[in-house]
Amino acid sequence: YHGRVDTPKYGMVNEHLDPVAVILEQFDPQGTLLDVDEHTTSGMVVQLSLVSEDGSIDYDLTESGEQLLEGENSRSPEIIENKVVAMFNTLRVRRPGAFRIRARMFNIYDTALNLPLSAEEPLRVPAEALFNDISDVLVVYEAKKPNPS
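None of the values given here were measured: they were computed from a predicted structure. Numbers given for residues are sequential positions, taken from 1 along each chain in its written order. Restriction of local features to residues with pLDDT of at least 70 applies here, the model being predicted, together with a cutoff of 80 or more for giving and counting side-chain atom pairs; totals for whole chains, interfaces and linings are based on all residues. With hydrogens and water set aside, each side-chain value is computed from the structure's full complement of heavy atoms.

Q: Where do I start with the pattern of salt bridges in this structure?
A: A side chain of one charge can pair with a side chain of the opposite charge if their charged atoms are brought near each other. Whenever a carboxyl oxygen of Asp or Glu lies within 4 Å of a side-chain nitrogen of Lys or Arg, that contact is scored as a salt bridge. Within the structure shown, the criterion is met by seven salt bridges. Salt-bridge contacts for Asp 6 lead to Arg 4; the nearest nitrogen and oxygen are separated by 3.1 Å. Burial classes: relative accessible area under 20% of the type maximum marks a residue as buried, over 50% as exposed, and values in between as partly exposed (1.4 Å probe, protein chains only). Classification of Arg 4 by relative accessible area gives partly exposed; the value is 43%. Arg 94 serves as the salt-bridge partner of Glu 70, at 2.7 Å between the closest nitrogen and oxygen. Of this pair, Glu 70 sits in strand S5 (residues 69–70) while Arg 94 is found in the loop between strand S9 (92–93) and strand S10 (97–107), placing the two residues 24 residues apart along the sequence. Runs of H or I in DSSP of at least four residues are treated as helices and runs of E of at least two as strands, each being numbered from the N terminus.

Q: Can you walk me through the packing of aromatic side chains in this structure?
A: Side-chain rings of Phe, Tyr and Trp (the six-membered ring for Trp) are treated as a pair once their centres are within 6.5 Å; stacked means planes under 30 degrees apart, edge-to-face means over 60, and tilted covers the remaining angles. Taken as a whole and assessed by the stated rule, the structure comprises two aromatic pairs. Look at Tyr 10 and Tyr 141: their rings are 5.9 Å apart centre to centre, the planes differ by 25 degrees, and that puts the pair in the stacked class. Taken together, the residues Tyr 10 in strand S2 (residues 10–12) and Tyr 141 in strand S14 (residues 138–141) connect sequence positions 131 residues apart. On the accessibility criterion, Tyr 10 (53% relative accessible area) is exposed.

What follows is the structure, encoded as structure tokens:
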């Protein structure tokens, strides 16, 4: 899969961001665009997380254990005009700063069976992401205080 993560350039703390879109196309190894359908996306989940401006640090939780990126941050994609699209409309960021949004797409049916020596039942762990990319920089500002009248 090749694609992009479209985010707003600016936002306000604790206010809904403009929609975030993850838009993907599927290509074969020779670079030919493939048609996608419901079978192609069966079991697919797109997950978002907040990362540092350089993409090296995940900001999933604040120091006090609260989610920094709040709202629905994972969903099944839709097919729109032969593209795999996941739209996120309810996201909020809980503190100001410059961030990027990382998008990963997994197939929940692609799991690796892990057989630990001491466990009674095998554990299932997710396979590698089919797509993993970060957005352009998103700057989140502190909310403005109302002017006294």
